[in-house]
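# Per-entry structural report
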Amino acid sequence: MASYYVASLYIGDLKSDVSEPLLYQLFSKLGSVANVRVCRDSLTQRSLGYGYVNFHNVEDAERALETLNYQPISGQPCRIMWAQKDPSLRRSGVGNLFVSNLAKSVDSKLLHDTFSSFGDILSCKVMQDKEGNSKGYGFVHFEKQESADRALAEANQKVLHDQPITVVPFRPRKKKDISEASKTFTNIFVKNLEADVDDERLRAMFERFGAISNCVVAKDHEGRNRGFGFCSFENPESAENAVKEMNGTLQGNKEIFVARHQRRWERQQVLKQQYENLAHCNVYVKHLDDTFDEEKLRKVFEPYGSLVSCRLERDQAGAPRGFGYVCYSSPEDATKAIQALH
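Residues numbered from 1 in each chain as written. Predicted model: local features only at pLDDT ≥ 70, side-chain atom pairs only at ≥ 80, totals over all residues. Heavy atoms only, no water.

## So, the nonpolar core
- The biggest cluster of nonpolar side chains holds 26 residues, and the ones touching the most others in it are L9, I11, F27, F55, I73 and I80.
- Breaking this core down by element, the ones donating at least two residues are β1 (4-12), α1 (20-27), β2 (33-40), β3 (47-55), α2 (58-68), β6 (79-84) and β21 (320-328).
- It is α2 that provides the largest number of residues to this core, a total of 5 residues.
- The residues contacting F27, other than those within four sequence positions of it, are L9, I11, V33, V53, F55, A64, L68, I73 and I80. (Core = buried A, V, L, I, M, F, W, Y, C linked by side-chain atoms within 4.5 Å. Buried < 20%, exposed > 50% of the residue type's maximum accessible area, 1.4 Å probe, protein only. Helix = DSSP H or I, 4+ residues; strand = E, 2+ residues; numbered from the N terminus. Contact = heavy atoms within 4.5 Å.)

Shown next, in the form of structure tokens:
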């Protein structure tokens, strides 16, 4: 498994209410868990529907994969696969098949069981609509291209639940490139605005850089400034100059943040890459007594490496809940701490 983090699992198709403690509770029954992470949108903090569980050894991770894959978590079947170091593997289309004309009764587990005889499967999923009903097609991604070739030759037009299925090689769509999108932009995002800034004041801040087609400050349901806004310039050069000159400047009593406005797919792609990199830098800590605060937690873990953050989970009253998270700047430091303190 040279392409994967040795004992790290990707957990997909999670409901929005699935939390780190719930994942830890489920997976720790099957082995020694190093840390867990549910990935969230940086703006809304809503779950992105996937996360990572890192084990101390491969055997425990394999047991969890075999036992919990496609089992319901909070009422919804999850999808588990080895976390991949190289995302290009799953994006390349190598070993990946598109399966269509599936009966409505065929779910991801049945599809996995049907194709597992051809070789090791990295990921298998039947696509569903918002109500959880099958869309009649799915994907099977094999570890090796030879397995996919064998499945293609033998499974195409095979009858599954009274319907002949169609199996063809998966052809990935041309991937949207963030680096290309960032070269030319006209929309900028501005945050940390003072409470009295309205659309006109925001326009006045930026109009010296060029013609502005639209300028708006975000407001809540009562019409109050939410502290951020957007400006759309008529040409990319104006937008680029505005970002370069205005980011970090003092406007009133606040230092504002100005950057290229990222669309949702860009934010999600960046976040996913960040979480893939950070998943192995985080340590989940539980059974903490009431004397622990963030400072004490930091003192316990900082001898083992450079810390990015320490956080204790608290209830609505602000009292510690007995567990927390420590994030290191490198996976090596996180591993060192786990080996020393577990």
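## Observations concerning empty space enclosed by the protein
- Tallied over the full model, the rule gives 1 cavity of 30 Å³ or more.
- Put simply, the largest cavity is a space of about 30 Å³.
- Taken together, N192, L193, E194, V197, R201, M205, Q251, G252 and I256 form the lining of the largest cavity.
- Across the lining of the largest cavity, the residue classes tally to 4 nonpolar, 3 polar and 2 charged. (1 Å grid on protein atoms, 1.4 Å probe; cavity = no way out; pocket = protein on both sides within 12 Å on 5 of 7 lines; lining within 4 Å. Points joined across faces, edges and corners; volume = space filled by probe spheres on them. Nonpolar A, V, L, I, M, F, W, Y, C, P; charged D, E, K, R; others polar.)

## Notes on the packing of aromatic side chains
- Following the criterion strictly, the structure yields 17 aromatic pairs and no others.
- Pairing Y137 with F139 gives two aromatic rings, centres 6.2 Å apart and planes at 90 degrees, and the pair type is edge-to-face.
- Using a relative accessible area of 26% as the deciding quantity, one classes Y137 as partly exposed.
- Ring geometry for F189 and F230: centres 5.5 Å apart, planes at 45 degrees, overall tilted. On the criterion of sequence distance, the pair formed by F189 in strand β13 (residues 187-191) and F230 in strand β15 (residues 225-233) is long-range, its members being 41 residues apart.
- By the ring-pair criterion, three or more aromatic residues cluster together here, those being Y24, Y284, F323 and Y325.
- If you follow K191 out to its NZ or CZ, it ends over the ring of F257, 5.1 Å from the centre.
- The side chain of K296 reaches across the aromatic face of F292, ending 4.5 Å from its centre. (Phe/Tyr/Trp six-rings, centres within 6.5 Å; stacked < 30°, edge-to-face > 60°. Lys NZ or Arg CZ within 6 Å of the ring centre and 35° of its normal.)

## A short note on the sheet that holds strand β18 (residues 257-260)
- Strand order in the open sheet formed by 4 strands is β14-β15-β13-β18, and the pairing between neighbours is antiparallel. Edge positions in the sheet fall to β14 (212-219) and β18, since each has one partner strand and no second. Mean inter-strand twist for the sheet, computed between neighbouring axes without regard to direction, equals 20 degrees.
- On the sheet, helix α7 (residues 199-206) packs against β13, β14, β15 and β18 and is oriented at approximately 135 degrees with respect to β14. (Pairing = 2+ DSSP bridges. Axes fitted to C-alpha atoms, helices over the stretch in contact; angles between N-to-C directions.)

## Some remarks on the layout of surface pockets
- By volume, the second largest pocket is sized at about 420 Å³.
- Lining the second largest pocket are 21 residues, with L65, W82, H112, D120 and I121 positioned closest to its centre.
- At the level of elements, α2, β6, α4 (108-115) and β8 (121-128) are the ones that each hand at least two residues to the lining of the second largest pocket.
- The element contributing the most residues to the lining of the second largest pocket is β8, with 4 residues.
- Of the residues assigned to the lining of the second largest pocket, the class counts are 10 nonpolar, 5 polar and 6 charged.

## Details of α4
- Looking only at α4, the buried set comprises S108, L111, H112, T114 and F115. Across the axial projection of α4, the buried residues extend over an arc of 160 degrees, all falling on one side.
- Against β7 (96-100), β8, β9 (134-142), α5 (145-155), β10 (159-160) and β12 (166-169) lie the buried residues of α4. (Arc of directions from axis to C-beta.)

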